[in-house]
Amino acid sequence: MLEVKDARQVFFPGLPDEKVALDGLNLTLAEGDFATVIGSNGAGKSTLLNAIAGAQRLDSGRIVINGDDVTQMPVHRRANHVARVFQDPMKGTAASMTIAENMLLAEMRQSKARLRIGLTLARRDKYREELSYLGLGLEDRMDTPVSLLSGGQRQSLSLVMAVSDRPDVLLLDEHTAALDPRTADLVLDATLRAVTALKLTTLMVTHNMQHAIDFGNRIVMLDAGQVIRELSGDEKANTSVPKLIDYFSVKSDRMVLGG
Ligand SMILES: Nc1ncnc2c1ncn2[C@@H]1O[C@H](COP(=O)(O)OP(=O)(O)OP(=O)(O)O)[C@@H](O)[C@H]1O
């Protein structure tokens, strides 16, 4: 379960270019919820993910994961709870290391217990099996340096690494935005399979409204650092891209009119 309580984050406070990125944002995801997060540029999506991952300390408010208050927990300790896949395929993996070495690194980082370092046969078997679920043949290229993989293969590897230790919360930060449509679909398929099989509590930021509708069980709409609307159940099932766009324009009209 993920709870974001009264999260507030202001950049350059008191200065002329002050930016209120999170304005008392509240959000609760139950265990296994898969929420897509949409909002216009500057709505606060990345700041929200940074706050949950610990990359950014909140000015005020709290982040609670499975009942543990992690607000003050540094990013490296939060890696036991939170996994993240970024938009840039170059960001989640180490280019000069092989696929297997990258997976070992991820395992060491996420592990809740102290692990013995080393690419044992047992580990290689486990990695091979995890990679095989992608259906990309990466399990036969475990000693290939990651620099030789395509963006889509690299992003798929990032996903496998992120979910391998079943994180309490999975953050997907526009993780298919930099891929061509066919590869994006492959990575999204793999995402859906992993999130469903492992029942992961997931937040997926996307600028693609159709993806926001097609994936997950909830849609979270952000505007000006707040959740302005959430859709789930029948409301989500019956929504459409024009309806989502309408919700945003209604909100902007209100803001313009000061309502
Ligand atoms: N490190 C920073 N320093 C200063 N201002 C920032 C910083 N990060 C974000 N902001 C500001 O905070 C606000 C929210 O930004 P954020 O990146 O969270 O929005 P977003 O919804 O992810 O936007 P986008 O869709 O463009 O990625 C914006 O006004 C942005 O300019």
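Residues numbered from 1 in each chain as written. Predicted model: local features only at pLDDT ≥ 70, side-chain atom pairs only at ≥ 80, totals over all residues.

(A) Layout of the sheet that holds strand 1 (residues 2–11). Pairing in this open sheet of four strands is antiparallel, and the strands run 2-1-4-5 from one edge to the other. The open sheet has two free edges, formed respectively by strand 2 (19–29) and strand 5 (68–69), since each of these has just one partner strand. Sheet topology places strand 1 next to strand 2; eight bridges connect them, and they run antiparallel. Paired with A7 across the strands is L25, a residue of strand 2. Contacting strand 1, strand 2 and strand 4 (60–65), helix 1 (residues 45–53) runs over the sheet at an angle of about 65° to strand 2. (Pairing = 2+ DSSP bridges. Helix = DSSP H or I, 4+ residues; strand = E, 2+ residues; numbered from the N terminus. Contact = placed C-beta atoms within 7 Å. Axes fitted to C-alpha atoms, helices over the stretch in contact; angles between N-to-C directions.)

(B) Expanded view of the packing of helix 5 (residues 151–163) against helix 6 (residues 181–198). Interhelical geometry of helix 5 versus helix 6 gives an angle of 10° and a closest axis separation of 9 Å. Considering their axes alone, helix 5 and helix 6 lie roughly parallel with respect to each other. Contacts from G152, Q155, S156, L159 and V163 in helix 5 reach T183, L186, V187, A190, T191, A194 and L198 in helix 6. (Parallel < 35°, antiparallel > 145°, perpendicular 65-115°, else oblique.)

(C) Broad picture of the sheet that holds strand 9 (residues 218–223). Spatially, the six strands line up as an open sheet ordered 6-7-8-3-9-10, and their pairing is mixed. Every other strand in the sheet has two partners, leaving strand 6 (82–85) and strand 10 (226–232) as the edge strands with one partner each. Averaged over all pairs of adjacent strands, the angle between their axes in this sheet comes to 20°, without regard to strand direction. Relative to the sheet, helix 1 contacts strand 3 (34–38), strand 6, strand 7 (169–173), strand 8 (201–205) and strand 9, its axis offset from that of strand 7 by approximately 150°.

(D) Looking closely at helix 6. End to end, helix 6 covers 25 Å across 18 residues, agreeing with the expected 26 Å (1.5 Å per residue, within 8%). Taken together, the buried positions of helix 6 are V187, L188, A190, T191, A194 and V195. Buried residues in helix 6, looked at end-on, bunch into an arc of 160°, giving them a common side. In helix 6, the exposed positions that point more than 90 degrees away from the buried face belong to P181, R182, T196 and A197. The secondary structure elements touched by the buried residues of helix 6 are strand 3, helix 5, strand 7, strand 8 and helix 7 (209–214). Among the residues trailing helix 6, K199 stands out with phi positive, at a value near 50°. (Expected span 1.5 Å × (residues − 1). Buried ≥ 20, exposed ≤ 12 C-beta atoms within 10 Å, placed from the backbone. Arc of directions from axis to C-beta.)

(E) Here's a closer look at the nonpolar core. Membership of the largest hydrophobic core comes to 65 residues, with the highest contact counts inside it found for V37, I52, L159, V163, L170, L171 and L203. The leading source of residues in this core is helix 5, at six residues. Contact partners of L170, with chain neighbours within four places excluded, come to A83, A162, V163, V195, L200 and T202. (Core = buried A, V, L, I, M, F, W, Y, C linked by C-beta atoms within 7 Å.)

(F) Representation of helix 5 within the structure. For helix 5, built from 13 residues, the straight-helix expectation of 18 Å at 1.5 Å per residue is met to within 8% by its first-to-last C-alpha distance of 19 Å. Across the 13 residues that make up helix 5, a large majority, twelve, are buried. G152, Q153, R154, Q155, S156, L157, S158, L159, V160, M161, A162 and V163 are the residues of helix 5 that are buried. Where helix 5 is buried, its residues contact strand 6, helix 3 (99–110), helix 4 (121–132), strand 7 and helix 6.

Distances and angles like these do not, on their own, reveal function.
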